[in-house]
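Given next are the chains, with one letter for each unit.
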Amino acid sequence: MTNTSPNIAVICGGVGAARFLRGLVRVAEPANISAIINVADDMVLHGLAISPDIDTITYTLADAIDPERGWGLRDETWRAMEALGRYGDRNWFSLGDQDIATHLQRTARLAEGATLTEVTAEIAAAWDVDVRLLPVTNDPVSTRVTRADTDEEISFQEYFVGTQHSVPISRVRFDGIDAARLTPEATAAIEAADVVVIAPSNPVVSIAPVLDVPGVRDALAASGGPCVAISPIVGGEALKGPAANMLHELGLDASATGVAQLWSDVIDVLVIDDVDAAHSLAVARAGVTPYVTDTIMASPVRSSALARSVLSASLLKQGSTT
Ligand code: FO1
């Protein structure tokens, strides 16, 4: 790998983004890759500052993630959670014993005055992760979800983990986002990018709370490089998680075409799966260049093949849509 490798900024949620980055580091110089990460899933629980998407990406790039769950550490133990059970029903959100050390470290450093950007870089370095992991903002942003059945507004993790995303929703909002500032580090990474990639993460609760931070769209426009997204919807379904249901419940089109329409103001190219080849024309009609390939990241080898395709697709920006 030489230093002629392009600067790449990847807009990220959790598991889908982590799997894409795991492939990208095999085909591009890790030090030239910046992950701009959603923080709206973050929460304080038991007094601990927890950043699920940052941790999922850190642990995946460190090859320490639990492969079945897709979150948390491999070979984890749960003794602290078992002990916490003594004090009542306080263990609905599972924190593994080793994982708790990460949250203790983050909480302590934030209390000492470090920014989330600083502590994220410190934790990534401790795990020997070379990709630059950049929270989109250091300011608090919280996804709030309205249940369609009770009209009650709950936190994202209460919806996602507490109800196992089993209840219908009618609204999603990002508390604090209007006052949040894009960090200088993330601004510089986006503006310097030769290619911006939107990872195959949930459009509603992972990508929207990054794109909607004031300044992100301006930084994307300033970058001048092509913006390539990977559709997280394949054959009308999300590969993991509730993205398709959420889009549907919010009155949006849960398809590759729907994703193109959703992001048409920021993306040049949408990478869609082979099974969605028939959506190519509709994607082009939305003003987005379609690129059809295998997008299923079932192994690191397939993740790196997808990453290579995304870099090829970025060359289409100046091309025609046919
Ligand atoms: N997801 C679950 O489904 N159940 C859990 O108990 C859980 C705990 C957890 C702890 C730390 C962490 O970093 C992630 C954790 N996740 C858990 C995953 C997390 O809720 C989701 O992956 C993301 O927030 C969705 O992007």
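Residues numbered from 1 in each chain as written. Predicted model: local features only at pLDDT ≥ 70, side-chain atom pairs only at ≥ 80, totals over all residues. Heavy atoms only, no water.

Colleague: Summarise the overall build of the chain; cite the residues concerned and give the values.
Modeller: Per the secondary structure count, the chain includes 13 helices and 14 strands. By the compact-globule yardstick of 20 Å for 322 residues, the chain fits well, its C-alpha radius of gyration being 19 Å. The principal-axis extents of the C-alpha atoms in the chain amount to approximately 65 × 50 × 40 Å. Put simply, the chain has 322 residues, and 53% of those count as buried. The contacts of the chain with a sequence gap of at least 6 include a subset with a gap of at least 24, amounting to 67%. Roughly 13800 Å² of accessible area belongs to the chain as shown, and the carbon and sulfur atoms make up 49% of that amount. Here the chain contributes 22 positively and 41 negatively charged side chains, and the mean placements of these two sets differ by 2 Å. (Helix = DSSP H or I, 4+ residues; strand = E, 2+ residues; numbered from the N terminus. Rg over C-alpha atoms; globule rule 2.2 N^0.38 Å. Buried < 20%, exposed > 50% of the residue type's maximum accessible area, 1.4 Å probe, protein only. Contact = heavy atoms within 4.5 Å. Areas by Shrake-Rupley, 256 points an atom, 1.4 Å probe, with all protein chains shown as cover. Lys, Arg positive; Asp, Glu negative; His and termini not counted. Charge placed at Lys NZ, Arg CZ, Asp CG, Glu CD.)

Colleague: A description of the sheet that holds strand β10 (residues 227–230) should follow, citing residues and the corresponding values.
Modeller: Ordered in space as β5-β2-β1-β9-β10-β13-β14, the 7 strands form an open sheet in which the pairing is parallel. Of all strands in the sheet, those bounded by a partner on one side alone are β5 (132–135) and β14 (289–293). Across the sheet, the mean angle separating the axes of adjacent strands is 25 degrees when strand polarity is ignored. Where strand β9 (residues 195–198) meets β10, 3 bridges bridge the pair, whose relative direction is parallel. Along β10, the bridge assignment pairs Ile198 with Ala229. (Pairing = 2+ DSSP bridges. Axes fitted to C-alpha atoms, helices over the stretch in contact; angles between N-to-C directions.)

Colleague: Before we move on, could you go through the domain arrangement of the chain and cite the residues and values that matter?
Modeller: Domain parsing of the chain yields domain 1 (8–140 + 177–317) and domain 2 (142–175). The C-alpha-based centres of domain 1 and domain 2 are spaced at 20 Å. Listed by partner, the interface residues are 17 residues for domain 1 and 18 residues for domain 2. Taken together, both faces of the contact between domain 1 and domain 2 bury some 1500 Å²; the carbon and sulfur share is 69%. Three residues stand out in domain 1 for area buried against domain 2, namely Trp92, Pro242 and Glu249, and they jointly supply 29% of the buried area on that side. (Domains from an automatic or database assignment. Buried area = accessible area lost by both parts, 1.4 Å probe.)

Colleague: Let's hear about the site of the ligand: which residues, and what values?
Modeller: By nearness alone, 13 residues border the ligand, and Asp41, Asp53, Phe93, Ser94 and Gln157 come closest of all. Within the side chain of Asp53, an N or O atom sits 3.1 Å from an oxygen atom of the ligand. Coverage of the ligand by the protein chains reaches 91% of its 530 Å² of free accessible surface. Mapping the ligand onto the cavity grids shows that it belongs to the largest pocket. (Near = heavy atom within 4 Å. Polar contact = N/O pair within 3.5 Å; in protein donor to acceptor, adjacent residues only side chain to side chain. 1 Å grid on protein atoms, 1.4 Å probe; cavity = no way out; pocket = protein on both sides within 12 Å on 5 of 7 lines; lining within 4 Å. Sits in = over half its atoms within 2 Å of the grid points.)

Colleague: Can you tell me about the layout of surface pockets, naming the residues and giving the values?
Modeller: Space inside the largest pocket adds up to approximately 1000 Å³. Lining the largest pocket are 40 residues, with Gly14, Val15, Trp71, Phe160 and Lys240 positioned closest to its centre. Taken together, the elements giving at least two residues each to the lining of the largest pocket come down to α1 (15–24), α2 (52–61), α4 (97–111), α6 (156–162) and α8 (203–211). Each residue belonging to the lining of the largest pocket can be placed in one class, and the counts come to 21 nonpolar, 13 polar and 6 charged. (Points joined across faces, edges and corners; volume = space filled by probe spheres on them. Nonpolar A, V, L, I, M, F, W, Y, C, P; charged D, E, K, R; others polar.)

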